[in-house]
Amino acid sequence: LPFDTDYFDIAFLNMTYGQIEDKVKALLQVNRVLKSGGYLYITELLIDKFYSFSENVLSIVKSSGFEPVSYEGNFLNYTLILRKK
């Protein structure tokens, strides 16, 4: 990402997570540009053909330097709120 390290307080992936080819690389870049303690919101809707199950998302984001803070919604529509470690 073309931004300085520790630049943003919050980042959003709104119905885009499933379309990212190299998820680990992308999440590491999001981690880099977020300030310490910054938040990442990932929202998915089941009607999206690239829908990702929350369990799959959590397994990858945890290994990319994020910790889960909150899970809002249900199987059809959810938002994961994550904090940069």
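Residues numbered from 1 in each chain as written. Predicted model: local features only at pLDDT ≥ 70, side-chain atom pairs only at ≥ 80, totals over all residues. Heavy atoms only, no water.

1. Focus on the pairing of strand 3 (residues 66-73)
Then step 1. Bridging between strand 3 and strand 4 (residues 77-84) involves 7 bridges; their strand directions are antiparallel. Following the sheet pairing, S70 is matched in strand 4 by I81.
Then step 2. Hairpin connection, strand 3 to strand 4: the antiparallel pair is bridged by 3 residues. (Pairing = 2+ DSSP bridges. Helix = DSSP H or I, 4+ residues; strand = E, 2+ residues; numbered from the N terminus.)

2. Examining the pairing of strand 4
Every regular strand shows the same layout, with side chains that alternate between the two sheet faces.
Then step 1. Of all the 8 residues making up strand 4, 6 are buried; the element is thus mostly covered by neighbouring parts of the structure.
Then step 2. Relative to strand 4, strand 2 (residues 34-45) runs antiparallel, the two sharing 7 bridges. Bridging across to strand 4, T43 finds its partner in T79. (Buried < 20%, exposed > 50% of the residue type's maximum accessible area, 1.4 Å probe, protein only.)

3. Comments concerning a nonpolar patch on the surface
Then step 1. A cluster of nonpolar residues, L46, F53, F75 and L76, forms a patch on the protein surface that exposes about 370 Å² of accessible area.
Then step 2. Relative to the elements of secondary structure, F75 occurs in the loop between strand 3 and strand 4.
Then step 3. Overall, F75 belongs to the partly exposed group, its relative accessible area being 46%. (Patch = residues over 30% accessible without salt bridge, like charges linked within 9 Å, V, L, I, M, F, W, Y side chains within 5 Å. Areas by Shrake-Rupley, 256 points an atom, 1.4 Å probe, with all protein chains shown as cover. Salt bridge = Lys/Arg side-chain N within 4 Å of Asp/Glu carboxyl O.)

4. Structural notes on the pattern of salt bridges
Then step 1. All chains considered together, the criterion is met by 3 salt bridges.
Then step 2. Here K84 and D6 are joined by a salt bridge, their closest N and O atoms 3.3 Å apart. One end of the pair, K84, is in strand 4; the other, D6, is in the segment before strand 1 (8-14), with 78 residues separating them in the sequence.
Then step 3. Among the residues examined, D6 registers a relative accessible area of 41% and is labelled partly exposed.
Then step 4. Across the salt bridge formed by E67 and R83, the nearest N and O atoms sit 3.2 Å from each other.

5. Topic: the side chain of S70
Then step 1. Checked against the element boundaries, S70 lands in strand 3.
Then step 2. Among the polar contacts listed, one links the side chain of S70 to the side chain of E72, at a separation of 2.4 Å.
Then step 3. The residues touching S70, leaving out its near neighbours within four places in the chain, are T79, L80 and I81. (Polar contact = N/O pair within 3.5 Å; in protein donor to acceptor, adjacent residues only side chain to side chain. Contact = heavy atoms within 4.5 Å.)

6. Describing the environment of L34
Then step 1. Among the secondary structure elements, L34 is positioned in strand 2.
Then step 2. The buried category is assigned to L34, whose relative accessible area is 0%.
Then step 3. Sequence spacing of L34 and R83 is 49 residues, and the spatial spacing of their C-alpha atoms is 9.4 Å.
Then step 4. Leave out the neighbours within four places in its chain, and L34 touches D6, F8, D9, I10, A11, Y39, L40, F66 and K84.

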